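# Descriptive analysis of the structure
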Amino acid sequence: MKAMKKVAALLLALTMALALCACSNQGDTPTPTAEPSKAAEPSAEPSAEPSAEASEPAQGGSAEFTTVEEGKLHMSTNAAFPPYEMTTDDGGFEGIDVEVADAIAKKLGLELVVDDMAFTAALTAVQQGQSDIAMAGITVDNTRKQVMDFSDTYATGIQVVIVKEDSPIQTIDDLANAEMIGTQAGTTGYKYCSGDYGEDHVTAFDNGALAVTALVNGQVDAVVIDNEPAKSYVANNPGLKILDTEYANEDYAIGFAKGNDALREAVNAAIAELKADGTFQNIVDKYIKAD
């Protein structure tokens, strides 16, 4: 029994010694680890500050976006849609959309590049990331919203009907008697007429000018197109007129690739500034004279 007590005493002593060693190690370890932990605090502060600074441009609608080409803002359009976009005699481009896009580009510190193509191609280009924005008197509708994002509305479009002055079509209701209606391919005018009168009674042309030429030549009985281009076409083609009744009212907006929120927000901020300082209205007044 004495031997057992001695063994127990030795074990107790050994256990106490180990405990003292363990306490000593725990006490030594925090000292070196605590120092680096405090030293790490300053490094956390600088990383938080840049993060806050980086978020400020996004709140201000500034340059946290990328474009197809560095330093450029590519605009896909169909430059046969006066007074919104059209070609000049020297091969350049002008119109409401062109000048508004140029003013937006300047606000964003970019240079505008106009890429002229068919209307449907202009929409496809922005969807596929080949252009940054699409502007061509583009109407916002639910079908397009599924494949594109849009800016805030910047103009209102009115669909009207062009006919020959001696045409039996004198009201919107008379369109039901038209053998063939001309529209521009890919537009809401084509969509509306196809839905209202059937695709067999609608012909789509690459641009409005070709549709109007077909009307002049007797290939179609009427043309459905936006009001402002319609005014221009009628002015340049004696014997044509616009029916008094509007066919449809729509909102125009700028098209973007789906999910390109940074650029869309920056463009929206630029549009708001251009409207606030009068630049936008001055551009519109240049091309659309008050009746």
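In case you missed it, the structure is sitting above this.
Below or above, wherever it landed, is the structure these notes cover. (Residues numbered from 1 in each chain as written. Predicted model: local features only at pLDDT ≥ 70, side-chain atom pairs only at ≥ 80, totals over all residues. Heavy atoms only, no water.)

### A short note on helix α4 (residues 119-127)
- Taken as a whole, α4 has its buried residues at Phe-119, Ala-122, Leu-123, Ala-125 and Val-126. The buried residues of α4 occupy one face: seen down the axis, they fall within an arc of 155 degrees.
- At its buried positions, α4 is contacted by β1 (72-77), β6 (133-134), α5 (142-145), β7 (148-150), β9 (181-184) and β14 (255-257).
- Gly-129 occupies a position one or two residues after α4 and carries a positive phi of about 75 degrees. (Buried < 20%, exposed > 50% of the residue type's maximum accessible area, 1.4 Å probe, protein only. Helix = DSSP H or I, 4+ residues; strand = E, 2+ residues; numbered from the N terminus. Arc of directions from axis to C-beta. Contact = heavy atoms within 4.5 Å.)

### Focus on helix α9 (residues 261-276)
- Between its terminal C-alpha atoms α9 stretches 22 Å, which fits the 22 Å expected from 16 residues at 1.5 Å a residue.
- Among all positions of α9, only Leu-263, Arg-264, Ala-266, Val-267, Asn-268, Ala-270, Ile-271 and Leu-274 are buried.
- Residues of α9 that are buried in the fold lie against β1, α3 (96-107), β6, β7, β14 and α10 (279-287).
- In the stretch just after α9, Gly-278 is the one whose phi turns positive, near 90 degrees. (Expected span 1.5 Å × (residues − 1).)

### What about the pattern of salt bridges?
- Applying the stated criterion to the full structure yields nine salt bridges.
- The partner of Lys-107 in a salt bridge is Asp-277, with the nearest N and O atoms 3.8 Å apart. Taken as a pair, Lys-107 in helix α3 and Asp-277 in the loop between α9 and α10 lie far apart in primary sequence, 170 residues in all.
- Lys-107 sits in the partly exposed class, given a relative accessible area of 39%.
- On the basis of relative accessibility, which here comes to 45%, the residue Asp-277 falls in the partly exposed class.
- Several salt bridges converge on common partners, so that one network encompasses Lys-107, Glu-273 and Asp-277. (Salt bridge = Lys/Arg side-chain N within 4 Å of Asp/Glu carboxyl O.)

### Structural notes on the sheet that holds strand β4 (residues 93-94)
- Within the open sheet, the three strands sit side by side as β2-β3-β4. Their pairing is antiparallel. Edge positions in the sheet fall to β2 (80-81) and β4, since each of these pairs with one other strand and no more.
- Summarising the sheet, strand β3 (residues 85-87) and β4 pair through two bridges and their orientation is antiparallel. Looking at the pairing, Met-86 lines up with Glu-94 of β4. (Pairing = 2+ DSSP bridges.)

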